[in-house]
Amino acid sequence: MSGIYIHIPFCKQACHYCDFHFSTSMGKKDAMVNAICKELELRKSEFEDETVATIYFGGGTPSVLQTNEIELILNSVRTNYTIIDNPEITLEANPDDLSEEKIVQLAASSINRLSIGIQSFFEEDLKLMNRAHNAAEAEKSLQLARQHFDNISIDLIYGMPNMSLVRWKENIDKALGYGIPHISSYALTVEPKTALAKFVEKGLVSPASDEEAQEHFKLLNETLLDAGFDCYEISNFGKPGYYSKNNSAYWQQKKYIGIGPSAHSFDGVRRGWNINNNSKYIKSIEKDILPMEVEVLSATDKYNEYIMTGLRTIWGVSLNRIATEFGPKFKEYALLQADKFIEEHLLYLDDETLKTTKKGMFLADGIAADLFMVNLR
Ligand code: SF4
């Protein structure tokens with residue numbers, strides 16, 4: 001089973017912390033929709049022997065598209081690919097786009113999962129992040145979404161400047177109050193060249209320390225586990241039956257095609273990435289040229305990716321799979337490097353599978369870095 005990711009590179013305004021690819025000018029929206037439909041057609045041979053199980057509209061802000069534009073893209077998927085009977089079709093949406101009319105239209109379309117970028121229920125946090133929505137719109141969008149969708153995820157950001165544990169808990173409790181079955185939650189990171197990085201440089205804002213972010217994560221983890229969620233990946237919490245199929249497939253190294261500017265693709269051997277420029281992307285697709293660079297992954301690259309993604313999930317890293325796919329040397333190396341983390345109770349071995357403990361989960365990226373192979377090619 002495979003997935004299709006579709007990047008919609010438009011946003012109403014630039015959030016201060018964001019380094020994704022997007023444009024705030026909607027002038028090329030029609031041409032972009034056409035180019036995306038065409039790229040889907042141009043690349044159909046890549047999935048000749050594959051069946052698509054998940055379709056994911058990410059961005060950018062996919063909810064800036066009209067429902068008929070989303071359907072145009074989905075029609076191109078249907079025409080050019082084999083799809084399972086009931087695929088998971090997710091649309092990332094921002095609260096300010098989710099009027100009642102829009103939600104009703106989306107519910108009547110093939111979209112069956114909404115991922116709503118709430119980030120915070122507090123006005124001052126939303127202003128600090130320069131989000132396009134306000135606190136009232138955040139709440140209203142969830143009330144409406146609950147009436148028309150069952151499978152809803154929301155994004156929440158922790159580790160924000162001046163965010164107390166009390167206010168963070170209020171954010172989590174608000175989300176729980178809406179009966180949302182899935183929450184993705186990320187620590188605010190200061191990415192280079194963002195507005196946030198400039199504010200930090202000028203001393204206008206001080207980001208939360210690692211310790212504070214870890215406290216936020218601990219509170220999130222405990223509260224959501226108590227509420228019946230599983231932390232199935234460091235940033236993703238789902239009630240049973242509501243794990244994101246799209247993301248789970250990605251973490252399990254399944255194949256996916258990434259469509260649209262800046263989108264990444266993976267075919268099991270090669271990783272590709274499209275140009276991150278809207279005009280150049282459209283022009284290239286119009287000439288039937290895929291604006292994509294490709295790298296062939298070495299065994300070391302694939303091992304490192306498996307370690308990186310596996311340790312962040314509840315599925316962990318299978319030592320037998322490492323031995324079979326990459327060779328016994330890789331297994332020996334992983335075990336040797338894991339030893340000190342096992343002693344520190346950050347990792348444990350469960351039936352030949354290395355998994356992070358509750359405490360180790362938050363530190364998964366650092367632990368993974370120590371298990372990376374650097375010199376075998
Ligand atoms: S809406 Fe999303 S993609 Fe757009 S600027 Fe904000 S965080 Fe970035």
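What comes next concerns the included structure. Every chain is numbered independently, its residues counted from 1 as its sequence is written. For a predicted model such as this one, the threshold for reporting local features is a pLDDT of at least 70, and the threshold for listing and counting side-chain atom pairs is 80 or more; totals across whole chains, interfaces and linings nevertheless cover every residue. Computation of side-chain values: all heavy atoms of the structure, hydrogens and water removed.

1. Things to note about the overall build of the protein chain
Argument step 1. Numbering of helices and strands runs from the N terminus; a helix is a DSSP stretch of H or I covering at least four residues, while a strand is a stretch of E covering at least two. Broken down by element type, the protein chain carries 15 helices and 15 strands.
Argument step 2. A compact globule built from 377 residues should have a C-alpha radius of gyration of about 21 Å, and the protein chain, at 21 Å, falls within 12% of that.
Argument step 3. By its C-alpha atoms, the protein chain is 55 × 50 × 45 Å across when sized along the principal axes.
Argument step 4. Counting the 377 residues in the protein chain, one finds 52% classified as buried.
Argument step 5. In this analysis, two residues are considered to be in contact whenever any of their non-hydrogen atoms come within 4.5 Å of each other. In the protein chain, of all internal contacts separated by at least 6 residues, the share reaching a separation of at least 24 is 70%. In this setup the radius of gyration rests on C-alpha atoms only. A globule is expected at 2.2 Å times the number of residues raised to 0.38. Note on classification: 1.4 Å probe, protein chains only; a residue is buried when its accessible area is under 20% of the maximum for its type, exposed when over 50%, partly exposed between these limits.

2. Re helix α15 (residues 364–371)
Quick reminder: α-helices carry 3.6 residues per turn. Residues three or four places apart thus point the same way.
Argument step 1. Taken as a whole, α15 has its buried residues at Ala364, Ile367, Ala368 and Leu371. Projected onto a plane normal to the axis of α15, the buried residues spread over an arc of 100 degrees and lie on a single side. Throughout, the arc means that of the directions going from the helix axis to the C-beta atoms.

3. Some thoughts on the environment of aspartate 30
Argument step 1. Its location among the elements puts aspartate 30 in helix α1 (residues 29–42).
Argument step 2. Classification of aspartate 30 by relative accessible area gives exposed; the value is 55%.
Argument step 3. For aspartate 30 and leucine 65, which are 35 residues apart along the polypeptide, the C-alpha to C-alpha distance reads 9.6 Å.

4. What to know about the packing of aromatic side chains
Argument step 1. Pairing of aromatic rings covers Phe, Tyr and Trp, the last counted by its six-membered ring, and requires centre-to-centre distances within 6.5 Å; plane angles under 30 degrees mean stacked, over 60 mean edge-to-face, and any other angle means tilted. Scanning the entire structure with this criterion turns up 15 aromatic pairs.
Argument step 2. Summarising the aromatic geometry, the rings of tyrosine 5 and tyrosine 56 are spaced 6.0 Å apart at their centres and angled 20 degrees between planes, so their arrangement reads as stacked. Placement of the pair is tyrosine 5 in strand β1 (residues 2–8) and tyrosine 56 in strand β2 (residues 51–59), with a sequence separation of 51 residues.
Argument step 3. Taking 6.2 Å as the distance between ring centres and 90 degrees as the angle between the ring planes, the aromatic pair formed by phenylalanine 47 and tyrosine 81 counts as edge-to-face. Of the two residues, phenylalanine 47 is situated in the loop between α1 and β2 and tyrosine 81 in the loop between α2 (67–80) and β3 (82–93); the sequence distance between them amounts to 34 residues.

5. A word on the packing of α1 against α2
How two helices sit against one another is set out by the angle between their axes and by the gap between those axes.
Argument step 1. Between α1 and α2, the shortest axis-to-axis distance is 8 Å and the interhelical angle comes to 10 degrees. Here α1 lies roughly parallel to α2, going by the angle between them. Here α1 and α2 pass one another in a crossing that is right-handed. Two secondary-structure elements touch here, α1 through Lys29, Asp30, Val33, Ile36, Cys37, Leu40 and Glu41 and α2 through Glu69, Leu72, Ile73, Ser76, Val77 and Asn80. Here an axis means a line fitted to C-alpha atoms, over the contact stretch when the element is a helix, while the angle between two N-to-C directions is reported on a 0 to 180 degree scale. An angle below 35 degrees is treated as roughly parallel, one above 145 as roughly antiparallel, one from 65 to 115 as roughly perpendicular, and anything else as oblique. Take the far helix as your reference; a near helix turned counterclockwise from it by less than a right angle gives a left-handed crossing, and one turned clockwise gives a right-handed crossing.

6. A short note on the pattern of salt bridges
Argument step 1. Salt bridges, as used here, are contacts in which a Lys or Arg side-chain nitrogen is within 4 Å of a carboxyl oxygen on Asp or Glu. Counted by the stated rule, this structure contains 20 salt bridges.
Argument step 2. A salt bridge links aspartate 267 to arginine 270; its shortest N-O distance comes to 2.9 Å.
Argument step 3. A relative accessible area of 27% means that aspartate 267 is categorised as partly exposed.
Argument step 4. Aspartate 370 is the salt-bridge partner of lysine 340, the closest N and O atoms lying 2.7 Å from each other. Of this pair, lysine 340 sits in helix α13 (residues 328–343) while aspartate 370 sits in helix α15, and the two are 30 residues apart along the sequence.
Argument step 5. By relative accessible area, which is 41% here, lysine 340 ends up partly exposed.
Argument step 6. Among the residues examined, aspartate 370 registers a relative accessible area of 30% and is labelled partly exposed.
Argument step 7. The network of salt bridges with common partners includes Lys12, Asp96 and Asp97.

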